[in-house]
Amino acid sequence: TSGNLAVGPDSNTFGINNDTGFTIIHISNQRSNNSSHSFKFFGGTDPTNTNSSSRGIAPHATWSNGRIYFDIGGCCNASQRLEQDPPATHNGSWRLNGFRNDESAPRRDIFINNSSIANRTDAPANLNLTNRPVHLGGSEEYGNTSSAWDAWLSVFIVYNRPLSDSEMTQLYNYFNPTYSFS
């Protein structure tokens, strides 16, 4: 995306809800840390809202302070946010980023390449996705649609179920020969 906002299907058309859980994968090469979402599924009760309460599923990978944030159902209390410093700098190299929410466990994870680097086992906030289109590579929340995430996005995959650790490793092994993850 690197400076361009891509707009996808409506946030509520992927079959993701409080019962299903989800896994979202993106393979990206981030050029610099900046204050924007890597992607955002809109949620909440007001489909016209663009502020932090409209975060259905909204990670910052990576925020301007170098941390990865994974928000579900708003921002920014413990039931809504999981955060972690990445294991190493990633600017200028390809990385598989995974965001998994298993409602039945309950468990939320941030994956880098084939490893969970952070998880929470408390119940996540209510997830109520709206009919606003998914945003990739930017966010209206930080000024306008040109508030761009500074990265190249190559692969974006959405599952309406939590993938197992083994499935995450399979994806890593499948894509690693192409991207040489670091």
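Here, every reference points to the structure presented above.
Residues numbered from 1 in each chain as written. Predicted model: local features only at pLDDT ≥ 70, side-chain atom pairs only at ≥ 80, totals over all residues. Heavy atoms only, no water.

Peer 1: Would you take a moment to explain unusual backbone geometry for this structure?
Peer 2: Excluding glycine, residues mostly have negative phi values, and the peptide bonds linking residues are mostly trans. With an omega of 20°, the peptide bond running from Ala61 to Thr62 counts as cis. For Thr62, the location among the structural elements is in the loop between strand E4 (55-60) and strand E5 (68-72). For the bond from Cys75 to Cys76, the omega torsion is 10°, close enough to zero to count as cis. As for its placement among the helices and strands, Cys76 is situated in the loop between E5 and strand E6 (81-84). For Ser180, which is not a glycine, the phi torsion comes out positive at approximately 50°. Examined against the element boundaries, Ser180 turns out to sit in the segment after helix H1 (165-179). (Helix = DSSP H or I, 4+ residues; strand = E, 2+ residues; numbered from the N terminus.)

Peer 1: What is the right way to read the pairing of E5 from this model?
Peer 2: On a regular strand, one side chain projects to one face of the sheet and the next to the other, so that they alternate. With five of its five residues buried, E5 lies for the most part within the structure. Alternating positions in E5 separate into two faces, Ile68, Phe70 and Ile72 on one and Tyr69 and Asp71 on the other, with burial throughout. Sheet analysis places E4 next to E5, joined by four bridges and oriented antiparallel. Looking at E5, one finds that Pro59 is bridged to Phe70. (Buried < 20%, exposed > 50% of the residue type's maximum accessible area, 1.4 Å probe, protein only. Pairing = 2+ DSSP bridges.)

Peer 1: What is the right way to look at the nonpolar core in this model?
Peer 2: Generally speaking, soluble globular proteins have nonpolar side chains that are buried together. With 19 residues, the main nonpolar core has Phe22, Ile57 and Phe70 as its most contacted residues. For this core, the secondary structure elements donating two or more residues are strand E2 (22-30), strand E3 (39-42), E5, strand E8 (107-112) and strand E10 (133-136). Tallying contributions element by element places E5 first for this core, with three residues. If we skip the residues at most four places from it in the chain, Phe70 touches Phe22, Ile57, Ala58, Pro59, Gln80, Arg81, Leu82, Phe99, Arg100, Arg108, Asp109 and Ile110. Core analysis: the next-biggest nonpolar cluster, separate from the first, contains 13 residues, Ile27, Leu96, Phe111 and Leu163 among them. (Core = buried A, V, L, I, M, F, W, Y, C linked by side-chain atoms within 4.5 Å. Contact = heavy atoms within 4.5 Å.)

Peer 1: Help me out: how do you make sense of the sheet that holds E2 in this one?
Peer 2: For sheets, the rule is that strands pair by backbone hydrogen bonds, running either parallel or antiparallel. Within the open sheet, the five strands sit side by side as E9-E8-E7-E2-E11. Their pairing is antiparallel. On the outer flanks of this sheet lie strand E9 (115-120) and strand E11 (151-159), each paired with one strand and no other. Taking each pair of neighbouring strands and ignoring which way they run, the sheet shows an average axis angle of 15°. Relative to E8, strand E7 (residues 94-102) is paired through six bridges, and the arrangement is antiparallel. (Axes fitted to C-alpha atoms, helices over the stretch in contact; angles between N-to-C directions.)

Peer 1: Quick question: what am I supposed to make of the packing of aromatic side chains here?
Peer 2: One pair of aromatic rings is described through two measures. These are the centre distance and the angle between the planes. The full count for this structure, using the stated rule, is eleven aromatic pairs. Here the aromatic residues Phe14, Phe22, Phe39, Phe41, Phe70, Phe99 and Phe156 are joined through ring pairs into a cluster of three or more. One Lys or Arg, Arg132, reaches over the ring of Phe42 and ends 4.1 Å from the middle of that ring. (Phe/Tyr/Trp six-rings, centres within 6.5 Å; stacked < 30°, edge-to-face > 60°. Lys NZ or Arg CZ within 6 Å of the ring centre and 35° of its normal.)

Peer 1: I tried to follow the pairing of E4 on my own but got confused; where do I start?
Peer 2: The buried count for E4 comes to six of six residues, which makes it a mostly enclosed element. Of the strand pairs in this sheet, E3 and E4 are connected by two bridges, and their pairing is antiparallel. Bridge assignment links Phe42 to a residue of E4, and that residue is Arg55.

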